[in-house]
Amino acid sequence: MNKQIRNKFAGEWINRMIELTNPAKVVLIDGSEEQKKKITAEAVEAGELITLNQNLMPGCYLRRSNPNDVARVEERTFICTDEQKEAGPTNNWAYAPEMYDKMHILFKDSMKGKTMYIIPYLMGPYDSEFSKVGFELTDSRYVVLSMLIMARCGQRVLDELGSSNEFVKGLHSVGTMNAEERYICHFPKDRTIYSFNSEYGGNVLQGKKCFSLRIASSVARQEKWLAEHMLILAIKKPSGEKVYVAAAFPSACGKTNLAMLIPPQKYIDEGYEVTTLGDDIAWLRIGNDGRLYAINPEYGFFGVAPGTNAKSNFNALESTRKNTIFTNVALNKDDNTVWWEGLTKIPPQNAIDWKGKEWTDKENVKGAHPNSRFTAPIENCPSLDEDYNSPKGVPISAIIFGGRRAKVMPLVMQSFNWNHGVFLGSSMGSETTAATTGKVGVTRRDPMAMLPFIGYNISDYFNHWLTMGALLGEKAPLIFNVNWFRTDDEGNFIWPGFGENFRVLKWIIGRCDCSENENVKKTEIGLLPKEIDFDGIDVPDDVREELFNVDKEIWLSEFNEIREFYDKLDYIPLGLKNELEFLKLRLENM
Ligand code: OXD
Ligand code: MN
């Protein structure tokens with residue numbers, strides 16, 4: 001029996017899980033440096049981690065995963081409830097009692113001969129009304145060490161929990177790594193998460209997608225707040241005033257890059273600065289003053305390595321210089337550091353690929369897996385905002401939605417109002433690239449970039465967004481849509497993106513403080529800038545026009561696609577039905 005946990009509710013549940021999984025030993029994670037060192041040394045000794053060059057990269061390690069376990073598995077991810085309609089048409093549903101039975105068979109004796117680590121963790125800052133406690137019980141040292149980076153963990157969390165029964169229960173076992181029997185299960189009613197047969201971050205670092213999005217979105221609906229797949233950044237204006245922005249993008253749209261953006265020199269010289277609060281998840285609540293406040297519940301970055309370099313994202317690269325775990329990247333044998341596609345133009349001479357083989361055929365074989373990752377402490381980030389840890393959160397002035405659209409969406413537009421903004425979020429999508437599927441240019445709808453993460457029925461989720469707007473009233477943040485991926489007829493991107501995206505952010509914050517009141521025009525699809533500050537970059541006149549072009553035929557077909565998508569849902573909330581109808585009327589009169 002485990003006597004280390006004094007909280008009666010947690011203690012009882014943990015004892016049941018110990019009985020079920022039958023570990024040889026149980027270790028409570030206390031959050032101390034000594035314990036972390038000890039577990040790291042054991043992981044190195046067991047061959048689970050490779051020590052990298054400690055002079056160049058202190059505290060950094062390389063992990064090679066099972067090659068069958070390199071990404072999130074949406075088809076093996078379940079929302080388990082009593083009735084299917086609670087999960088809705090966009091989730092894999094399982095009948096909760098049946099899934100519990102199945103899981104308890106899989107977990108029976110799954111930790112026999114192994115150590116169970118009890119990780120008490122907190123999503124959100126200490127002493128904050130935003131924050132919520134979870135426990136993850138795991139038999140993986142790699143998961144323990146990754147959780148120590150991604151969340152606030154240990155004794156202080158137990159102190160914060162006190163005698164409360166409010167915590168998320170999580171059980172994880174690496175099992176046999178049989179991909180066919182891989183399960184990522186969520187039981188929102190019991191606030192319980194079970195992950196089995198995987199060690200991939202998005203599946204098993206339970207604080208992240210499982211808790212902070214799927215379980216939290218369902219809790220947020222009950223408690224009237226929002227748990228969203230959003231980065232948070234701050235823009236300091238030359239006056240010294242800061243404006244906070246939250247933004248949601250589907251994967252492969254540069255979310256981490258935007259979160260850590262460095263403005264063009266001209267704006268830095270004028271006194272602008274962008275700072276980072278989070279790159280993946282935001283929890284948003286209405287504060288005492290009626291405004292919407294956000295925190296980043298996480299404590300680290302779980303970023304995609306390939307493509308990250310000093311030019312594409314200096315701040316992300318700097319964040320990985322110390323105390324970072326790299327997963328499935330190549331090992332540079334010359335200096336015992338890491339490498340991935342896009343880090344430098346020329347790969348290292350002598351390297352080992354992500355599968356652990358000598359990397360000789362550099363033409364045909366990738367050194368790093370395309371979804372290889374770095375797990376890095378947030379405090380490493382040079383652009384970290386001073387308020388990233390604030391228990392109060394930061395007041396959000398603008399919400400940005402975005403996707404990868406070759407023709408439909410302009411570079412930037414503002415919604416007419418909150419409901420229209422929710423409509424833009426609900427219908428947002430991204431076109432597939434050759435890298436993601438064989439079929440290029442198919443629009444995959446990914447509402448609010450939350451499709452794989454909404455822990456309940458998507459129609460109720462849309463309704464909840466509309467309700468939040470009604471509660472916020474006049475104090476609601478403005479909602480925008482951006483598209484960095486507009487192309488010409490040959491398929492070339494016409495917008496430089498990266499740091500230049502600051503020009504768009506500048507218009508957005510100008511809309512928030514009314515300084516761009518004159519620089520706006522009403523179109524059928526939303527409010528567009530009359531002009532954007534192109535000073536200092538070479539954007540020909542026809543490209544400037546194309547970036548904001550609204551084509552009636554393209555939009556009519558977009559309208560039809562949105563309607564088809566809506567038709568697949570259980571119901572469409574009235575506020576969104578109206579927006580769809582208004583759009584049609586405006587387009588018909590165009
Ligand atoms: C994701 C991630 O898959 O953040 O969205 O890793
Ligand atoms: Mn994400």
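Residues numbered from 1 in each chain as written. Chains lettered and ligands numbered in written order. Predicted model: local features only at pLDDT ≥ 70, side-chain atom pairs only at ≥ 80, totals over all residues. Heavy atoms only, no water.

## Comments concerning the coordination of the manganese ion (ligand 2)
Those donors, K209 (NZ), H229 (NE2) and D280 (OD), are the protein atoms that reach the manganese ion (ligand 2), and they lie 2.1 to 2.2 Å from it. Motif for the manganese ion (ligand 2), donor spacing along one chain: K-x19-H-x50-D. Taken as a pair, K209 in helix α8 (residues 207-223) and H229 in the loop between β12 (226-228) and β13 (230-236) lie far apart in primary sequence, 20 residues in all. Side by side, K209 and H229 carry an identical accessibility label, which is buried. (Donors = N, O, S within 2.8 Å, 3.2 Å for Na, K, Ca; no water. Helix = DSSP H or I, 4+ residues; strand = E, 2+ residues; numbered from the N terminus. Buried < 20%, exposed > 50% of the residue type's maximum accessible area, 1.4 Å probe, protein only.)

## Concerning the layout of surface pockets
Empty space within the second largest pocket amounts to approximately 340 Å³. Counting only elements with at least two residues in the lining of the second largest pocket, the list comes to α2 (33-45), α5 (141-150) and β8 (152-153). Considered class by class, the residues forming the lining of the second largest pocket number 8 nonpolar, 4 polar and 4 charged. (1 Å grid on protein atoms, 1.4 Å probe; cavity = no way out; pocket = protein on both sides within 12 Å on 5 of 7 lines; lining within 4 Å. Points joined across faces, edges and corners; volume = space filled by probe spheres on them. Nonpolar A, V, L, I, M, F, W, Y, C, P; charged D, E, K, R; others polar.)

## Structural notes on the packing of helix α16 (residues 552-567) against helix α17 (residues 574-588)
For the pair α16 and α17, the least separation of the axes is 10 Å and the interaxial angle reads 160 degrees. Taken together, the axis directions place α16 and α17 in an arrangement best described as roughly antiparallel. Two packed elements cross with a definite hand, and for α16 against α17 that hand is left-handed. When α16 is examined against α17, the residues K552, W555, L556, F559, I562, R563 and Y566 are found in contact with a partner set consisting of L576, L580, L583, K584, L587 and E588. (Axes fitted to C-alpha atoms, helices over the stretch in contact; angles between N-to-C directions. Parallel < 35°, antiparallel > 145°, perpendicular 65-115°, else oblique. Left-handed = near helix turned anticlockwise from the far one by under 90°. Contact = heavy atoms within 4.5 Å.)

## Details of the nonpolar core
Within the largest apolar cluster, 155 residues are counted, with the highest numbers of intra-cluster contacts made by W283, F326 and W465. Judged by nonpolar contacts, the second largest core, of 35 residues, contains A10, A96, M116 and L161. (Core = buried A, V, L, I, M, F, W, Y, C linked by side-chain atoms within 4.5 Å.)

## Details of the pairing of strand β28 (residues 478-482)
When you tally the buried positions in β28, you get 4 out of 5 residues, the bulk of the element. Note: strand β25 (residues 412-414) against β28, 3 bridges, orientation antiparallel. In the sheet register, Q414 faces β28, and the bridge partner there is F480. (Pairing = 2+ DSSP bridges.)

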